[in-house]
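As a plain string of letters, each chain reads:
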Amino acid sequence: MAVDATSPFFDWVFYILQNYWPLFLRGATVTLIISLTGTIVGFALGILIGVVRTIPVDQNSHFIKKLGLKVVNFLLLCYIEIFRGTPMMVQAMVIFYGAAMVYNIHLSPLYAGIFIVSINTGAYMAEIVRGGIISIDKGQFEAAHSIGMTHAQTMLNIVLPQAIRNILPALSNEFVINIKDTSVLNVISVTELFFMSKSAAGNNFRYFEVFLVTCVIYFIMTFTVTRILRYFEVRLEGPSAYTIHGSQTVPEAEIKIMGREKK
Amino acid sequence: MEKIIEIRHLKKFFGENEVLTDINFSVSKGEVVCIIGSSGSGKSTLLRCLNLLEMPTSGDILFRGENILEHNMTNSVYRAKLGMVFQQFNLFNNLTVIDNCVVGQVKVLKRDRDSAKKKAMEYLELVGMSQFINAKPHQISGGQKQRVAIARALSMEPEALLFDEPTSALDPEMVGEVLKVMKHLAKSGLTMLVVTHEMSFARDVANRVVFMDSGVIVEDNTPEVIFNNPSNERTRIFLKRILDN
Ligand SMILES: Nc1ncnc2c1ncn2[C@@H]1O[C@H](COP(=O)(O)OP(=O)(O)O)[C@@H](O)[C@H]1O
Ligand SMILES: [Mg+2]
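Residues numbered from 1 in each chain as written. Chains lettered and ligands numbered in written order. Predicted model: local features only at pLDDT ≥ 70, side-chain atom pairs only at ≥ 80, totals over all residues. Heavy atoms only, no water.

Now for the overall build of chain B. The helix and strand inventory of chain B stands at 9 helices and 10 strands. On C-alpha atoms alone, chain B measures out to a radius of gyration of 18 Å, which is about the 18 Å that the 2.2 N^0.38 rule sets for 245 residues. Along the longest, intermediate and shortest principal axes, the C-alpha atoms of chain B span 55 × 45 × 35 Å. Looking at the 245 residues of chain B, the share that counts as buried comes to 56%. The long-range share in chain B, meaning contacts at least 24 apart out of those at least 6 apart in sequence, stands at 65%. Side chains of chain B carry 30 positive and 30 negative charges; the gap between the two charge centres is 4 Å. (Helix = DSSP H or I, 4+ residues; strand = E, 2+ residues; numbered from the N terminus. Rg over C-alpha atoms; globule rule 2.2 N^0.38 Å. Buried < 20%, exposed > 50% of the residue type's maximum accessible area, 1.4 Å probe, protein only. Contact = heavy atoms within 4.5 Å. Lys, Arg positive; Asp, Glu negative; His and termini not counted. Charge placed at Lys NZ, Arg CZ, Asp CG, Glu CD.)

Let's shift gears to the site of ligand 1. All names here are of chain B. Within the structure, ligand 1 sits among F14, V19, S38, S39, G40, S41, G42, K43, S44 and T45. Taking G40, its main chain carries an N or O atom lying 2.7 Å from an oxygen atom of ligand 1. At 3.2 Å from an oxygen atom of ligand 1 is found a main-chain nitrogen or oxygen belonging to S41. Notes on ligand 1: free accessible area 560 Å², of which the protein chains cover 58%. Take the shell around ligand 1: its biggest share by element is 3 residues, from helix α1 (residues 43-50). Grouping the constituent residues of the shell around ligand 1 by class yields 2 nonpolar, 7 polar and 1 charged. (Near = heavy atom within 4 Å. Polar contact = N/O pair within 3.5 Å; in protein donor to acceptor, adjacent residues only side chain to side chain. Areas by Shrake-Rupley, 256 points an atom, 1.4 Å probe, with all protein chains shown as cover. Nonpolar A, V, L, I, M, F, W, Y, C, P; charged D, E, K, R; others polar.)

This part takes up the pattern of salt bridges. Following the criterion strictly, the structure yields 19 salt bridges over all chains and no others. Its salt-bridge partner being R208 of chain B, residue E31 of chain B comes within 2.9 Å of it at the nearest N-O pair. Taken together, the residues span a long stretch of sequence, with E31 of chain B in the loop between β2 (17-28) and β3 (32-36) and R208 of chain B in strand β9 (residues 208-213) at a distance of 177 residues. In this structure, the salt-bridge partner of K119 of chain B is E157 of chain B, at a minimum N-O distance of 3.3 Å. Highlighted residues: K119 of chain B in helix α4 (residues 113-126) and E157 of chain B in the loop between α5 (142-155) and β7 (160-164), separated in sequence by 38 residues. What you see here is one network of salt bridges that share partners, running through K138 and E142 of chain A together with R48 and E54 of chain B. (Salt bridge = Lys/Arg side-chain N within 4 Å of Asp/Glu carboxyl O.)

This structure, assessed with the given rule, holds 7 aromatic pairs over all chains. When the centroid spacing of 5.1 Å and the interplanar angle of 80 degrees are considered together, the rings of F96 of chain A and Y97 of chain A count as edge-to-face. Residue class for F96 of chain A comes out buried when judged on its relative accessible area of 14%. Here R152 of chain B stacks its cationic end above the ring of F92 of chain B, 4.5 Å away from the centre of that ring. A cation sits over an aromatic face here: R203 of chain B above F227 of chain B, 5.0 Å from the ring centre. (Phe/Tyr/Trp six-rings, centres within 6.5 Å; stacked < 30°, edge-to-face > 60°. Lys NZ or Arg CZ within 6 Å of the ring centre and 35° of its normal.)

Moving on: the interface of chain A and chain B. At the interface, 24 residues of chain A touch 27 residues of chain B. Linking chain A with chain B are 1 salt bridge, by the criterion used here. Put simply, E142 of chain A and R48 of chain B hold a salt bridge, and the shortest N to O gap is 2.7 Å. Among the elements of the structure, α5 (138-146) and α6 (151-181) of chain A are those that each provide at least two residues to the side of chain A that touches chain B. When residues in the side of chain A that touches chain B are grouped by element, the largest group, 8 residues, is from α5 of chain A.

Let us now look at a nonpolar patch on the surface. On the surface, F63, I64, L67, V71, F74 and L75 of chain A cluster together into a nonpolar patch covering about 670 Å² of accessible area. Among the structural elements, I64 of chain A can be located in helix α2 (residues 63-85). (Patch = residues over 30% accessible without salt bridge, like charges linked within 9 Å, V, L, I, M, F, W, Y side chains within 5 Å.)

Note that L154 of chain B resides in helix α5. A C-alpha to C-alpha distance of 16 Å links L154 of chain B and V32 of chain B, two positions 122 residues apart in sequence.

The next thing to look at is the pairing of β3 of chain B. Residue and element names in this part refer to chain B. Within β3, 5 of the 5 residues are buried, leaving the element largely enclosed by the surrounding structure. In β3, alternate side chains face the same way, and those of V32, C34 and I36 on one face and V33 and I35 on the other are all buried. Bridge analysis of β3 against strand β8 (residues 192-195) gives 4 bridges, and the strand direction is parallel. Looking at β8, one finds that V32 is bridged to M192. (Pairing = 2+ DSSP bridges.)

This part covers the confidence of the model for chain A. Residues at a pLDDT of 70 or more form 89% of chain A, whose mean pLDDT is 85. The model gives residues 239-263 of chain A a pLDDT under 50, and that stretch makes 54 contacts with residues more than four places away or in other chains. (pLDDT = per-residue confidence, 0-100.)

This is how it looks when you write it as structure tokens:
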């Protein structure tokens, strides 16, 4: 089908779909790969940091342990604050070009993208995991300690399984945010959906039509992912009910667990 | 008789607040000791100091003559030798009834899973919970939870079992089933230290009753003496108030 500048709107949409679908598909695939990998790695990072940041110290702890933890906690807090307090787009520029200039490491844009989304997600998840751990009833720790379990054993076998189950909704929320936010990675030429759309639009000077299609594709991705994850969350849901205030800006408010143990 | 736990000059401060003042006291093998006293008198703190859930500010805790606070034993090795049953049950919410009783045996005592399961079944049977081994804590009643908590503690085969108001969080109709298990344990010779408001349990089951008030042990004697002929005025007032209700 031939189109020109005077063709009607739907002709253009049709033309674009027909000629650029492989481009959209590749872009959407890259978007999903980066956001999924980034969410999983970020989650693992968040668990690690959340666990470290909740290691207890008391007056009997060795002073090297106390000092070491203080230093580590301070560094982790810096990481969390910096990555939550700056735009991911800027982080992408600094890391991508910084790695090339300062360390002479030339990352492929795809790996750079995964790296950036991972550490960005890690910064958010670290606080969510910490909140999840803190919100577990103190009695669970005490019961575990009273049968002789160490802090590490308690964390691994008792507390983390419960905390992780409680924060799953926040995790899927983070995944959806990542699907949308990977679009900023176009600034370092990651061939994700937004970048692909831009080139398709630029080729034809049809920004509205192309980005309307892009918009629909993003929505289909986030909507499907939300439904799938919601399905699993409901199946995992036990006695507790969740209220989720999913917002990256107030992660402290992200999980509120209601209707816990009947007293 | 052989002393299992002995406390000497134990003090505990929370900040400026002196919660335990110079506690001296011991529990011998096979003894059942009940601690009574009004709320806030420091009963829980004493129990929690005993298994180091709280660190004493000063004083000594001797376990079979060995000073615990001198760090010859790590906290976890020592704690495994003293079981604890909490007012709020504190069953592990992510684990089934049987796994609640298995996890400590496997992780702490390094028993293999099969023998740990067998041991757990033994004690779950003892507390009458063997039909519920695959239930999760949220699926059973308070009385059942507390019985599982007792089985969990027993599965570690501790030298003594500490109870902190084990029936206070229960609906009245469930108190009996838990007390029955505890009476059975007392008869079987288990060493028990029980903080309780169940005066009939203290009177009928205990070998000794300890009355605490404002962080001190006011009186430590046989149940006959404490309930019929207490020597201290404070004990008298407390018992009158409790028994009148
Ligand atoms: N973790 C704590 N921090 C500060 N004060 C505490 C703590 N635990 C208990 N207390 C105080 O110690 C006193 C004794 O408490 P507790 O041992 O729980 O008494 P009981 O078990 O006899 O009711 C109370 O005044 C209580 O407020
Ligand atoms: Mg108490």
